[in-house]
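One-letter residues, chain by chain:
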Amino acid sequence: DIYLDKPIYIAFLSVIHMIVGNRMGAVVGFQVAVIALFPAILYLLGSRIHSRLAGLLVAVLFILREVNNIQGTLWVLSTNTRLLMSESLAGLLLVLFVYFLTRWMENKNSHVYLMVAGGFLGLASLTRLNPILVMPMAVVGIFAFCWKHWKKAVINSLIFFSMFLASMLPWMIQSHIRSNKFIFFIPTIDGVILKQRTFHALNKPLIPEAVNNSSEP
């Protein structure tokens, strides 16, 4: 079977290599420049939800966290924007999802923000699988937000889910063509979560076997 995972991040790195070549310093610098949008969006989100001071505080805290993660890389195993890992890009896409969802909550008659939010959540799910778990909770939240008008709640939930699915559908079709798996994350769940992690966690002995250091006669 062909193992398919994180297509958006792979495409992201491919575009960076096309622009700056194979120089590692330039590749990392380009990624850092893109992820630098993170605190700016956090500022906009905090300003819209509470105040400009709250937005500024959230953005500064994020920057300090990244500085701390980068400086502590040699001592603490953690991800940061200077590592070529998918967590940073997935986080950026998730915060964009939250930002546009809050924009829709301020103007429930505008479906554009809801469609964009669903699209970003789908892209985040193609970057890492974890955001897929956010989708059902988001649908329930959208329905609950419009519960007084159940028809509108159903329509908004369907619009959001449709855009989420539309953003993932091309890769699902590609996965079906390449590996005959329409649900592309099944190999990840089976290979990584069930076999590599869950199996070893469930079969790990609770008490390590005693090591006999005595010499045999």
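Residues numbered from 1 in each chain as written. Predicted model: local features only at pLDDT ≥ 70, side-chain atom pairs only at ≥ 80, totals over all residues. Heavy atoms only, no water.

Engineer: Give me the lowdown on the overall build of the protein chain, citing residues and values where you can.
Structural biologist: Within the protein chain, the regular secondary structure consists of nine helices and zero strands. The order of helices and strands in the protein chain, counted from the N terminus, is α-α-α-α-α-α-α-α-α. When each of the 217 residues of the protein chain is scored for burial, the buried share is 35%. Taking the intrachain contacts of the protein chain between residues at least 6 apart in sequence as the baseline, contacts between residues at least 24 apart amount to 62%. (Helix = DSSP H or I, 4+ residues; strand = E, 2+ residues; numbered from the N terminus. Buried < 20%, exposed > 50% of the residue type's maximum accessible area, 1.4 Å probe, protein only. Contact = heavy atoms within 4.5 Å.)

Engineer: Can you break down the confidence of the model for the protein chain residue by residue, with the values?
Structural biologist: In this model, the protein chain carries a mean pLDDT of 83, and residues with pLDDT of at least 70 account for 82%. Per-residue pLDDT stays below 50 along residues 206-217; that stretch engages in zero contacts with residues further than four places along the chain or on separate chains. (pLDDT = per-residue confidence, 0-100.)

Engineer: Tell me what's going on with the nonpolar core, and back it up with residues and numbers.
Structural biologist: Counting residues in each nonpolar core, the largest one holds 40 residues, and the members touching the most others are Phe-38, Leu-92, Val-95, Phe-97, Leu-101, Leu-114 and Phe-160. Those elements that provide at least two residues to this core are α1 (7-20), α2 (24-35), α3 (37-49), α5 (87-106), α6 (111-127), α7 (134-145) and α8 (150-179). Broken down by element, the residue count for this core peaks at ten residues, all from α5. In this structure, Leu-114 is in contact with Leu-101, Trp-104, Ile-142, Asn-156, Ile-159 and Phe-160, ignoring residues within four places of it in sequence. (Core = buried A, V, L, I, M, F, W, Y, C linked by side-chain atoms within 4.5 Å.)

Engineer: Hey, could you go over the packing of α2 against α3 for me, with residue numbers and the actual values?
Structural biologist: Contact pair α2 / α3: the axes reach a minimum separation of 5 Å and the direction vectors enclose 5°. The angle between α2 and α3 places the two elements in the roughly parallel class. Here α2 contributes Ala-33, Val-34 and Ile-35 to the contact with α3, which in turn contributes Leu-37, Phe-38 and Pro-39. Across the contact of α2 with α3, the residue classes tally to six nonpolar, no polar and no charged. (Axes fitted to C-alpha atoms, helices over the stretch in contact; angles between N-to-C directions. Parallel < 35°, antiparallel > 145°, perpendicular 65-115°, else oblique. Nonpolar A, V, L, I, M, F, W, Y, C, P; charged D, E, K, R; others polar.)

Engineer: Any details on the packing of α1 against α2? Residues and values, ideally.
Structural biologist: Remark: α1 packs on α2, axes separated minimally by 10 Å, with the N-to-C direction vectors making an angle of 120°. One element, α1, and the other, α2, form an angle in the oblique class. Relative to α2, α1 is oriented so that their crossing is right-handed. For the pair α1 and α2, the contacting residues are Tyr-9, Phe-12, Leu-13, Ile-16, His-17, Ile-19 and Val-20 in the first and Ala-26, Val-27, Phe-30, Gln-31 and Val-34 in the second. Looking at the contact of α1 with α2 residue by residue, the class counts come to ten nonpolar, two polar and no charged. (Left-handed = near helix turned anticlockwise from the far one by under 90°.)

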